[in-house]
Structure formats: C-alpha cells, structure tokens
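Listed below are the residues making up each chain.
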Amino acid sequence: IFGRQAEVLRVVQDANRAMSVGKFGTDGDTDATDVAEAYIKDRINGLAPNATVDTTVTSGVIRTVVTIPSSDLTANTPIGFLDSLTIEVAAEHLSEA
C-alpha cells in the first residue's frame, strides 16, 4: 500500500508542478484544474482505478487530493480490515504562473 501510495503522490506532485507553471492550458471549455485531474487519473488508472481526484486553487495554492479505496492498492487477495480503509494522498504547490 505504501509503495503504491508513494507512486500516486509522485504523479500528484508532477501534476501540481505542471499546473503551477502553466503547462496545463485550457481550451475555453475546460479549466486547468480539470486538465490536471484528467492527467492524474490517466496516470494512476493502472494503480488505482477507483480513485477520485479533486484539484482546487485557493489564494495561489494548488491543492490536489486523491482518495483511493485501499483495495485498489493491495494484492488481489483480501486483507480483512484493510479492505474497508480509504487512502488519501494530498499535495500542495504554490502557483508560479
């Protein structure tokens, strides 16, 4: 669980950084937070297919929270009490744009 959680954190940090320097442009219908969320979901889909991603920008701080059922991060066999846990991966980055 911790190894996969670290992988998800790296993706979140990469997305927040890319957003902070303006890499995620918009097409008029989609804002940068939607692009960042789609980027994260695409890259963690193999690790955490049931994850939810929420990216917000408040006072120049980009914050992303990924919520993952622990069953996404464990082996194929149930591990009892761990199956009911939810893992939250969060990261913040100051906007530079």
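The model shown is predicted, which means the values in this text are computed figures rather than measured ones.

J.: I'd like to hear about the pattern of salt bridges, residue by residue, with values.
T.: Evaluation of the coordinates by the stated rule reveals four salt bridges. Salt-bridge contacts for Arg 43 lead to Asp 42; the nearest nitrogen and oxygen are separated by 3.3 Å. Judged by relative accessible area, which is 44%, Arg 43 ranks as partly exposed. Among the salt bridges present, the one from Glu 92 reaches Arg 63, with a minimum N-O distance of 3.3 Å. Residue Glu 92 is found in strand E3 (residues 86-94), and its partner Arg 63 is found in strand E2 (residues 61-69); the two are separated by 29 residues along the sequence. Taking relative accessible area as the criterion, Glu 92 reaches 52% and is therefore assigned exposed. Take Arg 63: its relative accessible area is 32%, and that puts it in the partly exposed class.

J.: How would you sum up the pairing of strand E1 (residues 52-58)? Please name residues and give values.
T.: In terms of strand pairing, E1 meets E2 through seven bridges, oriented antiparallel. Paired with Thr 55 across the two strands is Thr 64, which belongs to E2. Linking E1 to E2, which pair antiparallel, is a turn of two residues; within it Ser 59 sits at a positive phi near 50 degrees.

J.: Account for the side chain of Ser 20, naming residues and giving values.
T.: With respect to the helices and strands, the residue Ser 20 is situated in helix H1 (residues 2-20). One polar contact links Ser 20 to His 93, side chain to side chain, over a distance of 3.5 Å. Apart from residues lying up to four places away in sequence, Ser 20 is in contact with Ile 62, His 93, Leu 94, Ser 95, Glu 96 and Ala 97.

J.: Can you lay out the packing of H1 against helix H2 (residues 32-44) for me, pointing to particular residues and giving the numbers?
T.: Running from N to C, H1 and H2 point in directions that differ by 155 degrees, and their axes come no closer than 10 Å. Judged by the angle between their axes, H1 and H2 are roughly antiparallel. With respect to the hand of their crossing, H1 and H2 are arranged in right-handed fashion. Between H1 and H2, the residues in contact are Val 8, Val 11, Val 12, Asp 14, Ala 15 and Met 19 and Ala 32, Thr 33, Ala 36, Tyr 39, Ile 40, Arg 43 and Ile 44, respectively. Here the contact of H1 with H2 is composed, by residue class, of ten nonpolar, one polar and two charged.

Calculation criteria
Residues numbered from 1 in each chain as written. Predicted model: local features only at pLDDT ≥ 70, side-chain atom pairs only at ≥ 80, totals over all residues. Heavy atoms only, no water. Salt bridge = Lys/Arg side-chain N within 4 Å of Asp/Glu carboxyl O. Buried < 20%, exposed > 50% of the residue type's maximum accessible area, 1.4 Å probe, protein only. Helix = DSSP H or I, 4+ residues; strand = E, 2+ residues; numbered from the N terminus. Pairing = 2+ DSSP bridges. Polar contact = N/O pair within 3.5 Å; in protein donor to acceptor, adjacent residues only side chain to side chain. Contact = heavy atoms within 4.5 Å. Axes fitted to C-alpha atoms, helices over the stretch in contact; angles between N-to-C directions. Parallel < 35°, antiparallel > 145°, perpendicular 65-115°, else oblique. Left-handed = near helix turned anticlockwise from the far one by under 90°. Nonpolar A, V, L, I, M, F, W, Y, C, P; charged D, E, K, R; others polar.

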